[in-house]
Amino acid sequence: MRKTTTLALIATAVVALGCSSGATDSSSGSGSDGGAKGEDKAAKTAKIGQPARDGKFEFTVKSSKCGVAKVGDSVLGEKAQGQFCLVTINVKNIGKEAQMFDGSSQKAYAADGTEYSSDTGAAIYANKNAETFLNDINPGNQVTGVVVFDIPKNVKLTKLELHDSPFSGGVTVALS
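Residues numbered from 1 in each chain as written. Predicted model: local features only at pLDDT ≥ 70, side-chain atom pairs only at ≥ 80, totals over all residues. Heavy atoms only, no water.

What follows covers the overall build of the protein. If you tally the helices and strands in the protein, you get three helices and 11 strands. When the helices and strands of the protein are placed in sequence order, the string is α-α-β-β-β-β-β-β-β-α-β-β-β-β. In the protein, which comprises 176 residues, the share counted as buried stands at 41%. Accessible surface, the protein as shown: approximately 9600 Å² in total, 53% of it carbon and sulfur. (Helix = DSSP H or I, 4+ residues; strand = E, 2+ residues; numbered from the N terminus. Buried < 20%, exposed > 50% of the residue type's maximum accessible area, 1.4 Å probe, protein only. Areas by Shrake-Rupley, 256 points an atom, 1.4 Å probe, with all protein chains shown as cover.)

Below, the structure written as structure tokens:
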């Protein structure tokens with residue numbers, strides 16, 4: 001019962017913070033609506049090591065490692081249903097006020113277009129200081145953390161879609 005109550009409180013906090021984060025993003029997001037055009041979307045594609053911006057964040061994907069069976073240590077950890085893909089990302093706040101980074105807003109895609117959501121539970125074990133779990137980043141500051149995706153063993157990720165909030169347009173980073 002205690003675990004259920006704690007999870008319910010965390011879920012409520014995530015929804016509330018996501019809504020408020022989206023509200024602040026909409027004032028600066030009028031340009032991101034143009035992302036629906038093919039040429040705008042192509043212009044937003046970056047590669048590993050290249051900075052890419054969405055809203056108030058500048059993302060730089062440092063590395064991607066798939067085929068990981070477990071994150072954490074021998075006492076505390078989580079096993080993958082298929083395989084974990086660990087994506088190390090540097091996130092810099094380029095805005096003028098604090099912005100919350102949430103790993104659960106990030107998406108990964110396979111070559112066939114299948115979308116995978118991040119595994120926030122596994123990310124807690126993959127990060128020493130919960131860098132990708134509801135982390136407020138002040139203007140000019142940056143954090144580096146691991147976003148975890150649990151995907152089938154026979155799947156290879158080809159791109160990421162990174163977001164400064166659950167409601168932003170996102171920016172694409174090619175993994176291959």
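Let us keep going from here.
On the basis of which strands lie adjacent, the open sheet formed by five strands has the order β1-β11-β10-β6-β7 and mixed pairing. Pairing within the sheet leaves two strands with one partner each, and these edge strands are β1 (46–47) and β7 (115–117). Relative to strand β11 (residues 171–174), β1 runs parallel, the two sharing two bridges. Bridged to Lys47 within β11 is Ala174. (Pairing = 2+ DSSP bridges.)

So, on to the packing of aromatic side chains. Evaluated as defined, the whole model comprises three aromatic pairs. Pairing Phe57 with Phe59 gives two aromatic rings, centres 5.9 Å apart and planes at 75 degrees, and the pair type is edge-to-face. We note that Phe57, like Phe59, is buried. Geometrically, the ring pair formed by Phe57 and Phe101 is edge-to-face, given 6.1 Å between the ring centres and 70 degrees between the ring planes. Of this pair, Phe57 sits in strand β3 (residues 57–72) while Phe101 sits in strand β5 (residues 99–101), and the two are 44 residues apart along the sequence. Each member of the pair, Phe57 as well as Phe101, carries the same accessibility label: buried. One aromatic cluster in this structure is built from Phe57, Phe59 and Phe101. Sitting over the ring of Tyr109, Lys159 keeps its end group 5.2 Å from the ring centre. (Phe/Tyr/Trp six-rings, centres within 6.5 Å; stacked < 30°, edge-to-face > 60°. Lys NZ or Arg CZ within 6 Å of the ring centre and 35° of its normal.)

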